Amino acid sequence: MFKGISNIFQKSTKYSLVISWGGTRGFYALGILKALEEAGLRNQIEAIYGISIWWLIAAYWSAGRSAQEIFDEYKDLETTHKDWLTLFSTKNLLDNKLLARRFKKDLPETFEELKIPTYIGATDMKTSRLIIFQKGKLLEPMLGTMALPGVFPSVEFEDYFLNDGGIVDNFPTQIARKKYPKNQIIGIALNMFQKNKVPKNMIETLMLSLEIMMRKDIVERVQEIEIAFYEKIDCGILELDKKKRTKAFNQGYASGKEKFETIKKKK
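Presented here is an overview of the structure given in this document. (Residues numbered from 1 in each chain as written. Predicted model: local features only at pLDDT ≥ 70, side-chain atom pairs only at ≥ 80, totals over all residues. Heavy atoms only, no water.)

**Remarks on the packing of aromatic side chains**
- Taken as a whole and judged by the stated rule, the model has 10 aromatic pairs.
- Ring centres of Y60 and Y74 lie 5.5 Å apart, and the angle between their planes is 85 degrees; this geometry places the pair in the edge-to-face category. Of this pair, Y60 sits in helix 2 (residues 55–62) while Y74 sits in helix 3 (residues 67–74), and the two are 14 residues apart along the sequence.
- Given a relative accessible area of 0%, Y60 falls into the buried group.
- Judged by centre distance (6.5 Å) and plane angle (65 degrees), the rings of Y60 and F103 are edge-to-face. You can see Y60 sitting in helix 2 and its partner F103 sitting in helix 4 (residues 97–106), a full 43 residues away along the chain. Of the two residues, Y60 and F103, both sit in the buried class.
- These aromatic residues form a ring-pair network of at least three members: F27, F71 and F249. (Phe/Tyr/Trp six-rings, centres within 6.5 Å; stacked < 30°, edge-to-face > 60°. Helix = DSSP H or I, 4+ residues; strand = E, 2+ residues; numbered from the N terminus. Buried < 20%, exposed > 50% of the residue type's maximum accessible area, 1.4 Å probe, protein only.)

This is the structure in structure tokens:
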């Protein structure tokens, strides 16, 4: 299943970490990163690629936070608070001001201040292209890539009109491979489609539609990378249930430990 399995855990091996679009399912990715830390691989991550709202995993982790610290900080995030709602807006359901304030408080101002080279993909709605940001201001590209259409507001930045990066490329493993061709890729795909789901309201219909659309290249791409995580996660894209968030985190941690231990035994 894995390419180059004999050298995956050599200290000289470098990795590119790619995290897909997936909303609250990103807690599963955090669990995998916790297992990755325990496997002693953090210092071998040479680049991080992230898409959509859980690009913040990449930013916080690259800034030096542990996976457990990020989980503890965001597991209780409540998007039904009145400060999130934009009751009189015809463009989006939620505001991003609370997240913007938190990002400013917690994170450096520029990409260059992060400890690991980090790449954020956001969709420029003017040209329908995926724009990869890797230098300069950090806040605006972060808010841009999490601007899920109809949910969070678009972001005007430089000459771009930014929305969710997953619209164009939900899982940028090919971009990571082109930039770092010698690296092994650790890919975390958060959207294994589950059949026979019946949406109950407008939000669930929107999320299910996006899930179907953004799954288009995932199946093929997980077969092309060295270490792939791709499984069903019992956690909604905008999950409010804190127990399910914790369950997703624990599932990712267990999957990460099992896979890394299996690879070590095969070395």
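**A short note on helix 2**
- Among the 8 residues in helix 2, 8 count as buried, and that is most of the element.
- G64 occupies a position one or two residues after helix 2 and carries a positive phi of about 115 degrees.

**Description of unusual backbone geometry**
- At S128, a residue that is not glycine, the phi angle is positive and equals roughly 60 degrees.
- Its location among the elements puts S128 in the loop between strand 3 (118–124) and strand 4 (129–133).
- For E158, which is not glycine, the phi torsion reads 55 degrees and is therefore positive.
- What makes E158 exposed here is its relative accessible area of 61%.

**Points about the packing of helix 2 against helix 3**
- Between helix 2 and helix 3, whose axes approach to 10 Å, the crossing angle comes to 130 degrees. Between helix 2 and helix 3, the crossing angle belongs to the class labelled oblique. When you trace helix 2 past helix 3, the crossing you get is right-handed. Side by side, helix 2 and helix 3 meet where L56, I57, Y60 and W61 of the first sit next to A67, I70, E73 and Y74 of the second. (Axes fitted to C-alpha atoms, helices over the stretch in contact; angles between N-to-C directions. Parallel < 35°, antiparallel > 145°, perpendicular 65-115°, else oblique. Left-handed = near helix turned anticlockwise from the far one by under 90°. Contact = heavy atoms within 4.5 Å.)

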